[in-house]
Amino acid sequence: MTEIPLTIAATAKALRAGTLTSVALTTELFDRADHLDSKIGCYIVRTDETALAAAADADAKFAAGIDLGPLQGIPLGIKDILATNEAPTTAQSVVLDPAWGARGDGPVVARLRAAGAVLMGKLTSMEFACGLPDAAKPFPVPRNPWNTDYWTGGSSSGTGNGVATGLFLGGLGTDTGGSIRIPAAFCGISGMKQTYGRVPKSGCVPLGYSYDHIGPMARSAEDCAIMLQVIAGYDASDPTCADAAVPDFMSGMNGSLRGMKIAVEKAYHLGRTDVEPGVAPALDAALAVLAEAGAEIVEITIPDFETLSAGSVLSIMGEPFAYHLPDLRKRWADYGYLTSQTIAVGGLLNASDYVQGQRVRSYARKLMASVFEGIDALVTPTAAMEAPSLSSLSDAAWFFGAPLYTAFWNVVGYPAMSVPMGFGPKGLPLGLQIVTKPFEEAAGFKVGDAYQRYTDYHIRVPAMAQMVAG
Amino acid sequence: MNSTAKPETCPQQKESNEMTEAEAAETVKALMTAAGLTPPPEAMETFIKLYPGLRKMADALYEIPEVRYEEPALIYSPAN
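All figures in this text were calculated on a predicted structure; none of them were measured in a lab.

A. Just the nonpolar core, in detail. Counting residues in hydrophobic clusters, the biggest one holds 154 residues, and the most contacted among them are L172(A), M368(A), W409(A), F445(A) and F47(B). Ranked by residue count, the leading element in this core is helix 3 (residues 41–60) of chain B, at eight residues. With sequence-adjacent residues up to four places away left out, L172(A) is seen in contact with G77(A), I78(A), K79(A), L82(A), V108(A), V109(A), L112(A), T159(A), I214(A), G215(A), M227(A) and I231(A).

Structure (structure tokens):
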């Protein structure tokens, strides 16, 4: 059995040291998938042949002294809402227009490929990146690798459970209201939703045009930074893509947070009656770690935050509803029953509500600029809960009541990352959300990386994957 | 119209605060019909359950004083 490092950074070193080849690595990870995938519902389609060819090409380049950077020879998974050359895109739906699904690489996938990454296959999602699992549809139900009776979170579900079980070392997710950070938190891995516009989103089936992000998911903050370094940057195919310089996201990672001021807001995030036990102690423990790393911790309050947070979910709903309305009229039953319910909630709001949401968005952006004036980062629980059981997800109302703290950051477009911050009483992972100023992802990575130098939650492996990995 | 006048309670807010299940059902049915949708009964039950709370959340967005003169975040530009 081939010894596989847990992270992209460590694997990149092993590939360059010659203790591992990309072909051996890729073969081993597909072998793991043979054992685990039926239990966790990670892949929609595997692309073994093209992945092994890419791995062989990466090895040949290493042998020839060609080094394309840290993703050369690294196995990655792609959420099946992103177009790729190897396989059609389904968006985990029978409704998606097959002509759209037949598109080839979007810019982000093309950048990974050009960097030498080995693309292992297309991964499960919630249908159209929203909704909840539906076993009646012809797609796998993604399950939490820490306890398969529980949900992975969504919608980047297969990226979450695949990284957690080591079926690949990182992957792409998408995030319109939390779909990178929620499965990262529930599966015990790291995930970054960077600044809106930092990464081109063309090649992704749209959900909420002004809220969608494509971003990295991996075990560590460092691995997410390695991936973002490759996928970030302007592309004219996305009119909302920012023509902004891409900095070195890893330049500040030295384990020290000395000189940084990190804020926490507890009144709203821990004040709800439905905050699960384990969340507050885990957040306090995380704050103690950040202080030990040198950060100054300050507790703040944010005016109107409860209204803004609740309202942010509503303001997102109009865009998916507009996109899906023609199909909902003709093909309601072809959607998963929880997908159609979730999207049609947008029909309970009116045009003025959408415009008002966009006016509130302007205010929220100014308010956050003021909040972040004196701080370097804001931390919150990603969600004030462990993953819910699959059996509890019976209707779309769940989304509008659960203590999830991600969507507001899609509304204002700020970079927000989730890193593992321990486990709750049910034995399932909890997430710490780290938010920084627009285009200052490097500060978030610095905080996440420092936190992970003091903790080991991000490299813990679910029991089912430990058995397979030996 | 007096653009600075602000009623203590707007009609929508009053309605949502007092909404009964029957009123929610009637409103949801009208909204779905207007959208050209005929959701199955279980979806309608979810919408009726959700609607009063959603309406209240949406109405709260109109009650933030600082938003009174804000422009929407999505701005059209004829040059781009």
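Structure shown, so let's carry the discussion forward.
B. Layout of the interface of chain A and chain B. Chain A puts 37 residues into the contact, and the matching count from chain B is 33 residues. Summed over both partners, the interface of chain A with chain B comes to about 3000 Å²; 69% of that surface belongs to carbon and sulfur atoms. Sorting the residues of chain A by area buried against chain B places W332(A), L348(A) and R359(A) first, and these three jointly supply 22% of that buried surface. Applying the counting rule to chain A against chain B returns three salt bridges. Between K49(B) and D395(A) there is a salt bridge; the shortest N-O distance is 2.7 Å. Where chain A packs against chain B, one counts 14 residue pairs in polar contact (both at pLDDT 80 or more). Listing elements by their share of the side of chain A that touches chain B, those giving two or more residues are helix 10 (305–331), helix 11 (337–344), helix 12 (351–371) and helix 13 (397–401) of chain A.

C. Representation of the environment of R331(A) in the model. Residues and elements named next belong to chain A. Structurally, R331 is set in helix 10. Separated by 84 residues in the primary sequence, R331 and P415 have C-alpha atoms spaced 36 Å apart. Leave out the neighbours within four places in its chain, and R331 touches V94 and V95. One polar contact links the side chain of R331 to the main-chain carbonyl oxygen of V95, over a distance of 3.4 Å.

D. Region of interest: empty space enclosed by the protein. Scanning all chains against the criterion turns up five cavities of 30 Å³ or more. Forming the walls of the largest cavity are 14 residues, and the residues nearest its centre are Q92(A), E127(A), L132(A), P133(A) and D134(A). Looking at the lining of the largest cavity residue by residue, the class counts come to seven nonpolar, four polar and three charged. Put simply, the second largest cavity is a space of about 50 Å³. Contributing to the lining of the second largest cavity are L308(A), G311(A), S312(A), S315(A), G357(A), V360(A), R361(A), A364(A), F408(A), V411(A) and L61(B).

E. Looking closely at the sheet that holds strand 10 (residues 416–423) of chain A. Residue and element names in this part refer to chain A. A sheet is described by the order of its strands in space; here 11 strands give the open sequence 1-3-2-4-6-5-10-11-9-7-8, paired in mixed fashion. In this open sheet, the two strands that pair with only one neighbour each are strand 1 (43–46) and strand 8 (296–299). For this sheet the average axis-to-axis angle between neighbouring strands, irrespective of direction, equals 30°. Two elements, strand 7 (residues 261–264) and strand 9 (residues 377–381), share three bridges in a ladder whose sense is parallel. Within strand 9, the position partnered with I262 by the bridge is A377. Sheet strands in contact with helix 3 (residues 48–63) are strand 1 and strand 3 (118–123), and its direction is about 155° off that of strand 3.

F. Representation of the packing of helix 10 of chain A against helix 3 of chain B in the model. Packing of helix 10 of chain A against helix 3 of chain B brings their axes to within 9 Å, and their N-to-C directions diverge by 115°. With respect to helix 3 of chain B, the element helix 10 of chain A is oriented roughly perpendicular. Handedness of the helix 10 of chain A/helix 3 of chain B crossing: left-handed. In this structure, helix 10 of chain A uses T307(A), A310(A) and L314(A) to contact helix 3 of chain B, whose residues at the interface are L54(B), M57(B), A58(B) and A60(B). Among the residues forming the contact of helix 10 of chain A with helix 3 of chain B, the class breakdown is six nonpolar, one polar and no charged.

The rules behind each value
As a convention, each chain's residues are numbered from 1 in the sequence order in which they are written. Chain A is the first chain written and ligand 1 is the first ligand written, with later ones labelled in order. Whole-chain, interface and lining totals are the exception, using all residues; otherwise, since this is a predicted model, local features are given only for residues with pLDDT of at least 70 and side-chain atom pairs are given and counted only at 80 or more. Water and hydrogen atoms were dropped before computing side-chain values, which therefore reflect all heavy atoms in the structure. By convention a nonpolar core is built from buried Ala, Val, Leu, Ile, Met, Phe, Trp, Tyr and Cys residues, the set being connected through side-chain atoms within 4.5 Å. Exposure is judged per residue with a 1.4 Å probe applied to protein chains only, and the accessible area is read against the type maximum: over 50% gives exposed, under 20% gives buried, and values in between give partly exposed. Each helix is a run of H or I in the DSSP string that is no shorter than four residues. Each strand is a run of E no shorter than two, and both are numbered from the N terminus. Here, residues are in contact when the closest pair of their heavy atoms is within 4.5 Å. Buried area is calculated as the accessible area (1.4 Å probe) missing from two parts once they are joined, with the contributions of both summed. We count a salt bridge whenever a side-chain nitrogen from Lys or Arg sits within 4 Å of a carboxyl oxygen from Asp or Glu. N or O atoms within 3.5 Å of each other form a polar contact, as long as, within protein, one can give a hydrogen and the other can take it, and as long as residues adjacent in sequence are counted only when both atoms are side-chain atoms. Of the two site types, the cavity is a set of points on a 1 Å grid over the protein atoms alone where a 1.4 Å probe fits but cannot get out, and the pocket is an open set with protein on both sides within 12 Å along at least five of seven lines, each lined by residues with an atom within 4 Å of a point. Grid points are joined across faces, edges and corners, and a volume is the space filled by probe spheres set on the points. In this count, Pro and Cys sit with the nonpolar residues alongside Ala, Val, Leu, Ile, Met, Phe, Trp and Tyr, while Asp, Glu, Lys and Arg are called charged and the others, Gly among them, polar. At least two DSSP bridges between two strands are required for those strands to pair. A fitted line through C-alpha atoms represents every axis, and for helices the fit uses only the stretch in contact; the resulting angles, taken between N-to-C directions, go from 0 to 180 degrees. The labels follow the angle: roughly parallel below 35 degrees, roughly antiparallel above 145, roughly perpendicular from 65 to 115, and oblique for the rest. Each helix crossing is assigned a hand: it is left-handed if the near helix lies turned anticlockwise from the far helix by less than a right angle, otherwise right-handed if that turn is clockwise.

Note that all results are geometric; they support no functional claim without further evidence.
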